[in-house]
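Spelled out from the first residue to the last, the chains are:
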Amino acid sequence: MLNTEQQDQLLGLTMEMIDCKSYTGEEREIVELLKQKMKDLGFDLVEVDELGNVVGVIRGNRLGPRILFDGHVDTVAAENLEDWTMHPFKSQIRDGNLYGRGATDMKGALAAMICAASLINRENLAGEIYVSGTVSEEIAEGVAFRNVLDRVRPDLVVIGESNQLMVSRGQRGRGEIRLEVLGVSAHSANPEAGVNAVRKMMPALAALDALVPREDPVLGKGILELTDIISTPYPGSSVIPRSCTATFDRRLLPGDTPESIVEEVDQALARVKESDPDFRYEVELAINDFLTWTGAEVKADRFAPAWRFDEDEKWLQRAVMILNEGGIPARLSQYSFCTNGSASAGERGIPTMGFGPGMENRAHTADEYIQVDQLVQGCWGYLQLMENMGSDSKVFVKY
């Protein structure tokens, strides 16, 4: 396991990262911090791409695969400060836990990856180890990560999202569907002169609630959940709303496509229209349209696909074996939430696994924390994977 000096270095970097506020779109400071830290720790090359992702590489002395370890640098906002008992950006350790925004999601894991890479014995390393700190994950899982994948072209991706040091072999994906129901405005004193879009929305919601979700034996149920609804005009003083727009979070399973999830909604609403010829609507996939901290514009569908690998994949079995031999009792599991793996595995089919310290239910919460012992074990686990995954030619057959 890590010695005292190595543990202190890990905790110091994690706390420095937590103290660096990095809301989505405001990651410049932490990216610059990590760029310099990687250089100071001896990475062979450190670059920041046009979207603002930072990527460092450690090169071995033997041929082997490119293995990419990824963690995002952005966090959700620390809202409802009255619910926090300590400052979200003044990290502190209390009762064996390290507190602060991003401790679990996911600055602890990224710090552990960086520190682990700096400890690699390059003489015995086969291939190249990359560590990426990606931006904008909290609003668009996998979108900015595509740039990193284009740059690295990895043979294996390790996602560091928290899973209590298990080996995740899949996740549900996430799509966002926008439904607009159309009406006709009129004065609310004369409602018969118009068509109330909110009233027209009500049977549409009932029809969508009646949809039976598909299930995956490993990942569980697909979900269609209403997350937002608003009428236009708003506020609508004395005016019947001319439109009503609802947003749905669609949790995806393998096989779901942008076309298929819109079509299932469309089919359910077509039955509403059969009983009400005046029912008019538009349904579409929502769009991610944002600027990264570099000023780069990103526009993409809000669709991050699901992925799942068979449990008998050689590289998955090898990862579990390496971790167990290193003293970490990992077993196969899966994420219940969406990650950057949607881009590597879901879109591109690149072998991808999750391994991260911390409990996923601490993410996005007040008094967010990560257990110090898990953080240390996570760093050790990353080091074992980095040094050993690429040395078995049966796993990466082209070497």
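Up top is the structure these notes are about.
Computed from a prediction, not measured in an experiment: that's the story for all the values here. (Residues numbered from 1 in each chain as written. Predicted model: local features only at pLDDT ≥ 70, side-chain atom pairs only at ≥ 80, totals over all residues. Heavy atoms only, no water.)

Asks: What is the right way to read the layout of surface pockets from this model?
Replies: Where empty space is left in the structure can be found by rolling a water-sized probe over the atoms. Counted as a void, the largest pocket has a volume near 290 Å³. Taken together, 14 residues form the lining of the largest pocket, with D105, E138, F337, C338 and H364 sitting closest to its centre. Split into classes, the residues belonging to the lining of the largest pocket amount to three nonpolar, three polar and eight charged. Taken as a whole, the second largest pocket holds about 220 Å³ of empty space. In this structure, the second largest pocket is lined by 14 residues; those nearest its centre are L211, V212, P213, L224 and E264. Secondary-structure elements contributing two or more residues to the lining of the second largest pocket are α5 (197-209), β12 (223-232) and α6 (258-275). Of the residues forming the lining of the second largest pocket, the biggest block, three residues, is contributed by α6. Split into classes, the residues belonging to the lining of the second largest pocket amount to seven nonpolar, two polar and five charged. (1 Å grid on protein atoms, 1.4 Å probe; cavity = no way out; pocket = protein on both sides within 12 Å on 5 of 7 lines; lining within 4 Å. Points joined across faces, edges and corners; volume = space filled by probe spheres on them. Nonpolar A, V, L, I, M, F, W, Y, C, P; charged D, E, K, R; others polar. Helix = DSSP H or I, 4+ residues; strand = E, 2+ residues; numbered from the N terminus.)

Asks: In this structure, what is going on with the packing of aromatic side chains? I would like to understand it.
Replies: Think of a pair of aromatic rings as described by two things: how far the centres are apart, and how the planes are tilted against each other in angle. All told, the structure shown has eight aromatic pairs when counted by the stated rule. Judged by centre distance (4.9 Å) and plane angle (45°), the ring pair of Y335 and F337 falls under tilted. Each member of the pair, Y335 as well as F337, carries the same accessibility label: buried. Ring-pair connections join several aromatic residues into one group, and the members of that group are F69, F355 and Y382. (Phe/Tyr/Trp six-rings, centres within 6.5 Å; stacked < 30°, edge-to-face > 60°. Buried < 20%, exposed > 50% of the residue type's maximum accessible area, 1.4 Å probe, protein only.)

Asks: Would you mind showing me how to read the packing of helix α1 (residues 4-18) against helix α9 (residues 372-388) here?
Replies: Running from N to C, α1 and α9 point in directions that differ by 110°, and their axes come no closer than 11 Å. The orientation of α1 with respect to α9, classified from their angle, is roughly perpendicular. The two elements α1 and α9 cross, and the hand of that crossing is right-handed. Of the residues in α9, those in contact with Q7, L10, L11 and T14 of α1 are V372, L375, V376 and C379. Looking at the contact of α1 with α9, its residues break down into six nonpolar, two polar and no charged. (Axes fitted to C-alpha atoms, helices over the stretch in contact; angles between N-to-C directions. Parallel < 35°, antiparallel > 145°, perpendicular 65-115°, else oblique. Left-handed = near helix turned anticlockwise from the far one by under 90°. Contact = heavy atoms within 4.5 Å.)

Asks: Help me understand the nonpolar core, please; the structure alone is not making it clear to me.
Replies: F69, V131, Y382 and M386 are the most contacted members of the largest nonpolar core, which totals 74 residues. By residue number, the principal contributor to this core is helix α3 (residues 103-118), which donates eleven residues. Setting aside residues no more than four positions away along its own chain, V131 makes contact with M38, F43, V54, V55, G56, L68, F69, L110, M113, I114, A117 and M386. Formed by 26 residues, the second largest nonpolar core is a distinct cluster that contains F248, V272, Y281 and A306. (Core = buried A, V, L, I, M, F, W, Y, C linked by side-chain atoms within 4.5 Å.)

Asks: Help me understand the pattern of salt bridges in this model?
Replies: Pairing of side chains with opposite charge becomes possible as their charged atoms draw close. For the structure shown, the criterion picks out 19 salt bridges. Across the salt bridge formed by D44 and R122, the nearest N and O atoms sit 2.6 Å from each other. Placement of the pair is D44 in the loop between α2 (28-40) and β1 (45-48) and R122 in the loop between α3 and β6 (126-134), with a sequence separation of 78 residues. The exposure class assigned to D44 is partly exposed, which follows from its relative accessible area of 38%. Look at R122 and you get partly exposed, because its relative accessible area is 25%. Salt-bridge contacts for E368 lead to R101; the nearest nitrogen and oxygen are separated by 2.6 Å. Here the residue E368 occupies a position in the loop between β20 (352-354) and β21 (369-371), and R101 occupies one in the loop between β5 (97-99) and α3, the gap between them amounting to 267 residues. The exposure class of E368 is buried, given its relative accessible area of 1%. Judged by relative accessible area, which is 3%, R101 ranks as buried. Through salt bridges with shared partners, a single network forms among E141, R174, E176 and R302. (Salt bridge = Lys/Arg side-chain N within 4 Å of Asp/Glu carboxyl O.)

Asks: For this particular structure, what's the right way to read the environment of E26?
Replies: By secondary structure assignment, the location of E26 is in the loop between α1 and α2. Exposure remark for E26: the relative accessible area of 45% places this residue in the partly exposed category. Sequence separation between E26 and V135 is 109 residues, and the spatial gap between their C-alpha atoms is 9.1 Å. When sequence neighbours within four positions are dropped, the list of residues in contact with E26 reads K21 and W293.

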